Amino acid sequence: MVNRGEIFLADLGDPIGHEQALSRPVVVVSAQPWLDSEPPVLTVLPITRTFRGRSTHVEIEPGSSGLRATSYIKCEDIRAISPRRLGRRFGAADAMVLIQVELILRRLLAL
């Protein structure tokens, strides 16, 4: 079972253009009812360690996230993936990080 806010290593495949790809951490942002459905619908955002100062990035600290270093959730790179792409679980984003992600996603998607 996968829960909203959890962080996993995921195989995002080969990149095309500027897509985030290969094996990297992602945070699950799907609403829990979609994650509990069969088959689950996984919407994820890739995480990078590179600071770019973009307004669409949310900083996430090591600790409960399970990440080794301060990293950045790339809200502009929304991906829907199969659960089979998930590898090991790192940890989970805290509630404040998820609120920041939600606000950016609402702005990006005009919701």
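Please read these numbers as outputs of a predicted model, since none were measured by experiment.

Peer 1: Got a sec to walk through helix 2 (residues 95-108)? Specific residues and values, please.
Peer 2: With 14 residues, helix 2 should reach 20 Å at 1.5 Å per residue; the first-to-last C-alpha distance of 20 Å fits that figure. When helix 2 is considered as a whole, its buried residues turn out to be Val 97, Leu 98, Val 101, Ile 104 and Leu 105. Summarising the axial view, the buried residues of helix 2 lie within an arc of 125 degrees, below the 170-degree limit, and thus occupy one face. In this structure, helix 2 carries Ala 95, Met 96, Leu 103 and Arg 107 as exposed residues pointing more than 90 degrees from its buried face. For helix 2, the N-terminal capping position is held by Asp 94, with its side-chain oxygen 3.1 Å away from the main-chain nitrogen of Met 96. Taken from the residues just after helix 2, Ala 110 is the one with a positive phi, measuring 55 degrees.

Peer 1: Which residues make up the pattern of salt bridges, and what values do they have?
Peer 2: For the structure on display, the rule yields 4 salt bridges. Linking Glu 76 and Arg 54 is a salt bridge whose minimum nitrogen-to-oxygen distance equals 3.9 Å. Residue Glu 76 is found in the loop between strand 5 (71-74) and strand 6 (79-81), and its partner Arg 54 is found in the loop between strand 3 (42-48) and strand 4 (57-60); the two are separated by 22 residues along the sequence. For Glu 76, a relative accessible area of 28% puts it in the partly exposed group. For Arg 54, a relative accessible area of 44% puts it in the partly exposed group. Where Asp 77 meets Lys 74, a salt bridge forms, and the shortest distance between an N and an O atom there is 3.1 Å. Each member of the pair, Asp 77 as well as Lys 74, carries the same accessibility label: buried.

Peer 1: Which residues make up unusual backbone geometry, and what values go with them?
Peer 2: Between Glu 38 and Pro 39 the backbone carries a cis peptide bond, its omega angle lying at -5 degrees. Here Pro 39 lies in the loop between helix 1 (32-35) and strand 3.

Peer 1: Just give me the short version of the pairing of strand 2 (residues 23-28), but keep the residues and values in it.
Peer 2: Of all 6 residues making up strand 2, 5 are buried, and the element is well covered by its neighbours. Across 5 bridges, the pairing between strand 1 (residues 6-11) and strand 2 is antiparallel. Pairing of Asp 11 across the sheet is with Ser 23, part of strand 2. Where strand 2 and strand 3 come together, 3 bridges link them in antiparallel fashion. When the sheet's bridge partners are listed, Val 26 is paired in strand 3 with Pro 46.

Peer 1: Explain the nonpolar core to me, and be specific about the residues and the numbers.
Peer 2: Counting residues in hydrophobic clusters, the biggest one holds 17 residues, and the most contacted among them are Val 27, Leu 45, Ile 60, Ile 73, Cys 75 and Val 101. Every element with two or more residues in this core is listed here: strand 3, strand 4 and helix 2. Among the elements that make up this core, the one with the highest residue count is helix 2 (5 residues). For Ile 73, the contacting residues outside a window of four places in its chain are Val 27, Leu 45, Pro 46, Ile 47, Thr 56, His 57, Val 58, Ile 60, Val 97 and Val 101.

Cut-offs used in this document
Residues numbered from 1 in each chain as written. Predicted model: local features only at pLDDT ≥ 70, side-chain atom pairs only at ≥ 80, totals over all residues. Heavy atoms only, no water. Helix = DSSP H or I, 4+ residues; strand = E, 2+ residues; numbered from the N terminus. Expected span 1.5 Å × (residues − 1). Buried < 20%, exposed > 50% of the residue type's maximum accessible area, 1.4 Å probe, protein only. Arc of directions from axis to C-beta. Polar contact = N/O pair within 3.5 Å; in protein donor to acceptor, adjacent residues only side chain to side chain. Salt bridge = Lys/Arg side-chain N within 4 Å of Asp/Glu carboxyl O. Pairing = 2+ DSSP bridges. Core = buried A, V, L, I, M, F, W, Y, C linked by side-chain atoms within 4.5 Å. Contact = heavy atoms within 4.5 Å.

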